[in-house]
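Listed here are the chains, written in short residue letters.
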Amino acid sequence: KQWYQRRVAITAGEIVAHRFLEDVELSEEHRNGVVEICKNFHESTRNLSIKFEQQLGRHNYVTPTSYLELIYTYKNLLGKCREKVAYQRKRYTVGLEKLDSARSQVSQMQSDLQALQPQLVVASKEVDEIMVIIERDSIEVAKTEKIVKAEELIANEQASVAKGIKDECDADLAEAIPILEQALAALNTLTPSDVTIVKSMKSPPPGVRLVMEAVCILKGIKPDRVNDPATGKKVEDFWKPSQKLLGDMKFLQSLKDYDKDNVPVAFVKKIRATYIPNPEFVPEKIRQASNAAEGLCKWVRAIEAYDRVAKVVAPKKAALAIAESKFAEAQKSLNAKRAMLKEVQDKLQSLRDKFEENTKKKKVPTATLR
């Protein structure tokens, strides 16, 4: 009978595991493997608990709920791991795209330079041919050609360095994007009805008060000064200003449009010193008082986190500006080279004109003699 009960339990465990894993994207082979592992974990835990009770006389409860929690834990860990892999893959893909873009730009620049090089060679050859006629001008052209070649090397180096710095800055700036998405996601959990419920509270729980104090601080709303029944002294009270704020029909939209890049230093300093370290100011605990307050708590924490990252990234934004400036200088340098090449070509044309003029002068006496 005991063997039969265990067999039924194992079969039921497989059915339950398949049922709760059916919404997880897995191959049939992997799904069966996961079910087998979960079943073995649960069965081995049950057997060890029996042995534990026999040896030490203490009973460890292994219930169906424990089995479900094992399956839920696996699903949660799998989901987090897949999100992490997807995020890393996205960053890798973006990096490859930027490398490909840099390769394309460098290739185009090299093509331009190669197209200019033959013209410089031709120009130099033509200058050599008329060197006996106008030696001074040919020497000047030779010097110009040397300068152009040096500028080509400098332009290539500037373009390469500028592109490398730009890619690095872009990668660093991309780290702040998840923080922003976290803040927006927190706001999307709220609805006008949730806000109305919080506003209608006559005696809000401490967690709700704590969250609304933080929201008021970030919004720059000052508290009322009221009498403390216990001491008779004036104390700060944010609840009435909070109710007024919650009554604003555009309250949720104002949070979504919050200028996260320019949060006053005093506001963030107050949040960071008073609320972030507070063990009660966490979404898990705030949820016990109000779901809406939980969403607001997430928003406050996300704004604080984004501000912290933004201040770290700020110097890198300056580096990005420098990188873009250097890249522009590389483009400008390339245009300058082309202008120098045109100047050489104009100089060569001037030499041709002088050569033709001298040739005509030589023909004049011959024509006279005829």
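Before going into details, it helps to say that this report is about the structure given with it. (Residues numbered from 1 in each chain as written. Predicted model: local features only at pLDDT ≥ 70, side-chain atom pairs only at ≥ 80, totals over all residues. Heavy atoms only, no water.)

Where a strand is regular, its side chains alternate between the two sheet faces. Sheet topology note: the strand 1 (residues 224–227)/strand 2 (residues 234–237) ladder contains 4 bridges and is antiparallel. Bridging across to strand 2, N227 finds its partner in K234. Between strand 1 and strand 2, which pair antiparallel in sequence order, lie 6 residues; one of them, G232, sits at a positive phi of approximately 80°. (Pairing = 2+ DSSP bridges. Helix = DSSP H or I, 4+ residues; strand = E, 2+ residues; numbered from the N terminus.)

Summed over all chains, the structure comprises 12 salt bridges. Salt-bridge contacts for E43 lead to R46; the nearest nitrogen and oxygen are separated by 3.9 Å. In this pair, E43 and R46 are both assigned in helix 2 (residues 28–56), 3 residues apart and thus about one turn of the helix distant. Given the relative accessible area of 30%, R46 is considered partly exposed. Here E304 makes a salt bridge to R272, at a shortest N to O gap of 2.8 Å. With a gap of 32 residues between them, E304 in helix 12 (residues 291–369) and R272 in helix 10 (residues 265–275) connect regions that are remote in the sequence. Judged by its relative accessible area of 6%, E304 is buried. Each member of the salt-bridge network shares a partner with another, and the members are R272, E304, D307, R308 and K311. (Salt bridge = Lys/Arg side-chain N within 4 Å of Asp/Glu carboxyl O. Buried < 20%, exposed > 50% of the residue type's maximum accessible area, 1.4 Å probe, protein only.)

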